[in-house]
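Each chain is listed here by its residues.
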Amino acid sequence: MGRSKTWSVTEIVAAEYCEQKVLHDQRYGNRPTREAQRAMRDGQRDHDRFERDGLAQQAGQDSRCYIATAVFGGDAIETNELRDWRDNWLSLHSAGRAFIQAYYWASPTLVKLFAHIPGANSVIRTILRGFLRLLGGRNHAA
């Protein structure tokens, strides 16, 4: 008689799990429970939100600022000042947080739309620089 195979704990647990799953599926069918279906939907929704938002965080700060990034660049002074305004003022107020959510929902589409409109980035850049002047930001030439 040959040498017997040594089974790892993982293999033993997997074999037991598979046997229990086969018995469960024979008795109840291969459908997830309502709790499991709800958990899968919740997990998919959270995953979709994660994908949509990008969760681009650097040094603990949210770096998303779609429109400013499109017209100024991701590391531009203007983009960073708008992020600071978002983080240090808008996010402190319920209306500001609602605006941020709406902005994150709409702005990726707007950026794509603006890319097809000649001169749109120049107009948006001028508007944002004017807004930053109102906020008391650094010198922003038009």
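Residues numbered from 1 in each chain as written. Predicted model: local features only at pLDDT ≥ 70, side-chain atom pairs only at ≥ 80, totals over all residues. Heavy atoms only, no water.

Caption draft 1: Molecular detail of helix H6 (residues 120–135). End to end, H6 covers 23 Å across 16 residues, agreeing with the expected 22 Å (1.5 Å per residue, within 8%). Here the buried face of H6 lies against helix H3 (66–71), helix H4 (77–88) and helix H5 (94–114). (Helix = DSSP H or I, 4+ residues; strand = E, 2+ residues; numbered from the N terminus. Expected span 1.5 Å × (residues − 1). Contact = heavy atoms within 4.5 Å.)

Caption draft 2: Structural context of the pattern of salt bridges. Under the definition given, this model contains 2 salt bridges. Notably, a salt bridge pairs glutamate 78 with arginine 129, separated by 3.4 Å at the nearest N-O pair. Of the two residues, glutamate 78 sits in helix H4 while arginine 129 sits in helix H6, which places them 51 residues apart along the sequence. Here the two residues glutamate 78 and arginine 129 agree in accessibility, since each one is buried. With a closest N to O distance of 2.8 Å, arginine 86 and aspartate 87 form a salt bridge. With relative accessibility at 7%, the residue arginine 86 sits in the buried group. (Salt bridge = Lys/Arg side-chain N within 4 Å of Asp/Glu carboxyl O. Buried < 20%, exposed > 50% of the residue type's maximum accessible area, 1.4 Å probe, protein only.)

Caption draft 3: Representation of the packing of aromatic side chains within the structure. Summed over all chains, the structure comprises 5 aromatic pairs. The interplanar angle of 75° and the centroid separation of 5.0 Å between the aromatic rings of tryptophan 85 and phenylalanine 131 together place this pair among those described as edge-to-face. Of the two residues, tryptophan 85 is situated in helix H4 and phenylalanine 131 in helix H6; the sequence distance between them amounts to 46 residues. Phenylalanine 131 sits in the partly exposed class, given a relative accessible area of 28%. Arranged with centres 6.3 Å apart and planes meeting at 25°, the rings of phenylalanine 99 and tyrosine 103 form a pair that is stacked. You can see phenylalanine 99 and its partner tyrosine 103 sitting in helix H5, 4 residues apart, about one turn around the helix. Since its relative accessible area comes to 19%, tyrosine 103 is described here as buried. (Phe/Tyr/Trp six-rings, centres within 6.5 Å; stacked < 30°, edge-to-face > 60°.)

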